[in-house]
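As a plain string of letters, each chain reads:
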Amino acid sequence: MGRYVPALCFLNLGLLISSTACLYLGSILINIYLLPSLELLTSHFATVPYLILAIGFVLLLSSIIGIIAAVSKSRVALIIYAVLLGAVFTLQLASIFTSMELRNDMERRVIFQTGNGNVHNELKRYWDDETVRTKWDTLQRDFQCCGAFNMRTGFQDWSRLGNYQQDGQQRGVPNSCCLDEEEGGCGNTEEIYSDPLAYEKINIHGCMAIMKNRLLRDIAPVLLTYIACAVVLALITILAMVLSAAYVAAITRRSNQERDGMGMYQAPAGHNAVG
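What you see is a predicted model, and the numbers here were worked out from it, not measured in a lab. (Residues numbered from 1 in each chain as written. Predicted model: local features only at pLDDT ≥ 70, side-chain atom pairs only at ≥ 80, totals over all residues. Heavy atoms only, no water.)

Enquirer: I'd like a description of the pattern of salt bridges, backed by residues and values.
Expert: Under the criterion given, the structure shown has 6 salt bridges. Measuring nitrogen to oxygen at the nearest pair gives 3.9 Å for the salt bridge that ties arginine 125 to aspartate 129. Judged by its relative accessible area of 40%, arginine 125 falls in the partly exposed class. Of the charged contacts in the structure, one is a salt bridge between arginine 133 and glutamate 130, with a shortest N-O distance of 2.4 Å. Remark: glutamate 130 and arginine 133 occur in helix H5 (residues 130–142); sequence separation between them is 3 residues, near one turn of the helix. (Salt bridge = Lys/Arg side-chain N within 4 Å of Asp/Glu carboxyl O. Buried < 20%, exposed > 50% of the residue type's maximum accessible area, 1.4 Å probe, protein only. Helix = DSSP H or I, 4+ residues; strand = E, 2+ residues; numbered from the N terminus.)

Quick look at the structure:
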């Protein structure tokens, strides 16, 4: 039974390292590449990074519990550990399939077509919805873009929304489009749409056009690597789950033997008599 402890500790050390990698990758996809902001194109942009984060959190918890359970030889802790591994395995399968779907969608580039009405509908709510405004300001600042689609003319998307100020004049682009936002008001009037030197004042490329190139360059290879690593990690998770179940069975057998008095050698009756 002693062979289970080092094996489980070794596997859980690997799972612990993997959990930190998942947490790191998920946080980058959410905070650096802002993938959840693109869920209007496909829900996989939000599902994939949050699944990876969930795998990291549950895997971190289960690996710590697994090490403690193996060393303490606690059946209850081992059962909890096995249940957590089952949950991790389910999340891993879901993340593998959704990552494959997202990568395929990105390579086909269908999701970046300019006819996506969901994006335009959200842009219309920019001036009235604080959540939408914060989201698009973050996108436009971080990716140095303006509007939704097309290179060089992306900022023109703001002119097609029919947004007017209280005085009846058409709104310009948000301040987050400005090259130097500290100046303020660089393009908040409709004259910016006909200004031949607009590129000197604001970012002119659409955010989806900018992000499409960056995602295909950076995220598509990362997703392929993640899928391969996730398959290996899922196999390790199954192995750890099987070992924990076998360890519980071994502990139970030993406990039953000790309780029934079979764990120690007992001399036959009359054997102690001296001839």
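Enquirer: Any chance you could break down the side chain of threonine 237 for me, citing the residues and the numbers?
Expert: For threonine 237, the location among the structural elements is in helix H6 (residues 207–259). A polar contact is formed between the side chain of threonine 237 and the side chain of glutamine 92, at a distance of 3.2 Å. The residues contacting threonine 237, other than those within four sequence positions of it, are Leu15, Leu85, Val88, Phe89 and Gln92. (Polar contact = N/O pair within 3.5 Å; in protein donor to acceptor, adjacent residues only side chain to side chain. Contact = heavy atoms within 4.5 Å.)

Enquirer: I'd love a proper account of the nonpolar core, names of residues and values included.
Expert: Judged by nonpolar contacts, the single largest core of 72 residues is most densely connected at Phe45, Met106, Trp136, Trp158, Val173, Ile202 and Leu215. For this core, the secondary-structure elements that each account for two or more residues are helix H1 (4–31), helix H2 (44–72), helix H3 (75–108), helix H4 (117–124), H5 and H6. With 19 residues, the top contributor of residues to this core is H6. (Core = buried A, V, L, I, M, F, W, Y, C linked by side-chain atoms within 4.5 Å.)

Enquirer: Just give me the short version of the state of the cysteines, but keep the residues and values in it.
Expert: A full pass over the atoms with the stated rule returns 2 disulfides. Residue cysteine 145 pairs covalently with cysteine 207 via a disulfide, S to S 2.1 Å. In this structure, the disulfide formed by cysteine 145 and cysteine 207 twists by about 90° around the S-S bond and is classed as right-handed. Of this pair, cysteine 145 sits in the loop between H5 and H6 while cysteine 207 sits in helix H6, placing them 62 residues apart in sequence. Like cysteine 145, the residue cysteine 207 is buried in the burial classification. Two residues, cysteine 146 and cysteine 177, share a disulfide whose sulfurs are 2.1 Å apart. Given an S-S torsion of about 85°, the disulfide between cysteine 146 and cysteine 177 has right-handed geometry. Remark: cysteine 177 occurs in the loop between H5 and H6 and cysteine 146 occurs in the loop between H5 and H6; sequence separation between them is 31 residues. Taken individually, cysteine 146 and cysteine 177 each receive the classification buried, so the pair is uniform in this respect. Distance from the sulfur of cysteine 22, which forms no disulfide, to the nearest cysteine sulfur (cysteine 229) is 9.1 Å. When its relative accessible area of 8% is taken as the criterion, cysteine 22 is described as buried. Accessibility expressed as a relative area gives 47% for cysteine 229, which makes it partly exposed. (Disulfide = S-S within 2.5 Å.)

Enquirer: Just give me the short version of the layout of surface pockets, but keep the residues and values in it.
Expert: Once rolled over the atoms, a probe with the size of a water molecule shows which space is left empty. Size it by volume and the largest pocket reaches roughly 240 Å³. Contributing to the lining of the largest pocket are Ser18, Ala21, Cys22, Leu25, Val222, Thr225, Tyr226, Cys229, Ala230, Val232, Leu233 and Ile236. For the lining of the largest pocket, the secondary-structure elements that each account for two or more residues are H1 and H6. Sorting elements by how many residues they give to the lining of the largest pocket places H6 first, with 8 residues. Considered class by class, the residues forming the lining of the largest pocket number 10 nonpolar, 2 polar and no charged. (1 Å grid on protein atoms, 1.4 Å probe; cavity = no way out; pocket = protein on both sides within 12 Å on 5 of 7 lines; lining within 4 Å. Points joined across faces, edges and corners; volume = space filled by probe spheres on them. Nonpolar A, V, L, I, M, F, W, Y, C, P; charged D, E, K, R; others polar.)

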